[in-house]
Amino acid sequence: MSYRVGDRVRVANRGHEGHHRTPGYLKGKIGTVQRVHASFTNPETRAYGADGLPERPLYLVGFTQREVWPDYGGHAGDRIYADIFEQWLEDVG
């Protein structure tokens, strides 16, 4: 699956033992792809000595603060952004 700017995505809410680059507080949250970065070797396997192949696409995903923290007291339009590898994203539709 490849995502495009503007696509709505959910960060997979699954457990993961060991190193991973996906913030736990974003798991299960819905955001919007803001930018499609290049593909990179997978840091989750490289951390344990593998070559990280195949490369995985990396996306900048934006979330409203209230999606992440429902009690957020700031402006409704405030957002948080994170770079997230494709294997952690699910299609929302």
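Scoring rules and cut-offs
Residues numbered from 1 in each chain as written. Predicted model: local features only at pLDDT ≥ 70, side-chain atom pairs only at ≥ 80, totals over all residues. Heavy atoms only, no water. Helix = DSSP H or I, 4+ residues; strand = E, 2+ residues; numbered from the N terminus. Buried < 20%, exposed > 50% of the residue type's maximum accessible area, 1.4 Å probe, protein only. Contact = heavy atoms within 4.5 Å. Pairing = 2+ DSSP bridges. Phe/Tyr/Trp six-rings, centres within 6.5 Å; stacked < 30°, edge-to-face > 60°. Axes fitted to C-alpha atoms, helices over the stretch in contact; angles between N-to-C directions.

How would you sum up the side chain of Gln 65? Please name residues and give values.
Counting through the fold element by element, Gln 65 comes out in helix 2 (residues 65-68). On the basis of relative accessibility, which here comes to 14%, the residue Gln 65 falls in the buried class. Once residues lying within four places of it in the same chain are set aside, the contact partners of Gln 65 are Tyr 72, Asp 78, Arg 79 and Ile 80.

I'd like a description of the pairing of strand 3 (residues 56-64), backed by residues and values.
For strand 3, the tally of buried residues reaches seven of nine residues, placing the bulk of the element in the interior. Strand direction decides the pairing type here: strand 2 (residues 30-40) and strand 3, joined by six bridges, are antiparallel. When the sheet's bridge partners are listed, Val 36 is paired in strand 3 with Tyr 59. Here strand 3 runs beside strand 4 (residues 79-85); their pairing, made up of seven bridges, is antiparallel. For Leu 60, the partnering residue across the bridge sits in strand 4 and is Asp 83.

Which residues make up the packing of aromatic side chains, and what are the values?
By convention here, two paired aromatic rings are described through the distance between centres and the angle between planes. Throughout the structure, instances matching the rule amount to two aromatic pairs. An angle of 75° between the planes, with centres 5.6 Å apart, marks the rings of Tyr 3 and Tyr 59 as edge-to-face. Note that Tyr 3 is positioned in the segment before strand 1 (8-11) and Tyr 59 in strand 3, a separation of 56 residues in sequence. Each member of the pair, Tyr 3 together with Tyr 59, is buried.

Describe in detail the sheet that holds strand 5 (residues 89-91), supporting the description with residues and values.
Ordered in space as 4-3-2-1-5, the five strands form an open sheet in which the pairing is antiparallel. Only two strands of the sheet have a single neighbouring strand rather than two, namely strand 4 and strand 5. Here the strands of the sheet are splayed against their neighbours by 45° on average, with no regard to which way each runs. With three bridges connecting them, strand 1 and strand 5 associate as antiparallel partners. When the bridges of strand 5 are listed, Val 11 appears paired with Leu 89.

Everything listed here is a matter of geometry and, on its own, says nothing about what the molecule does.
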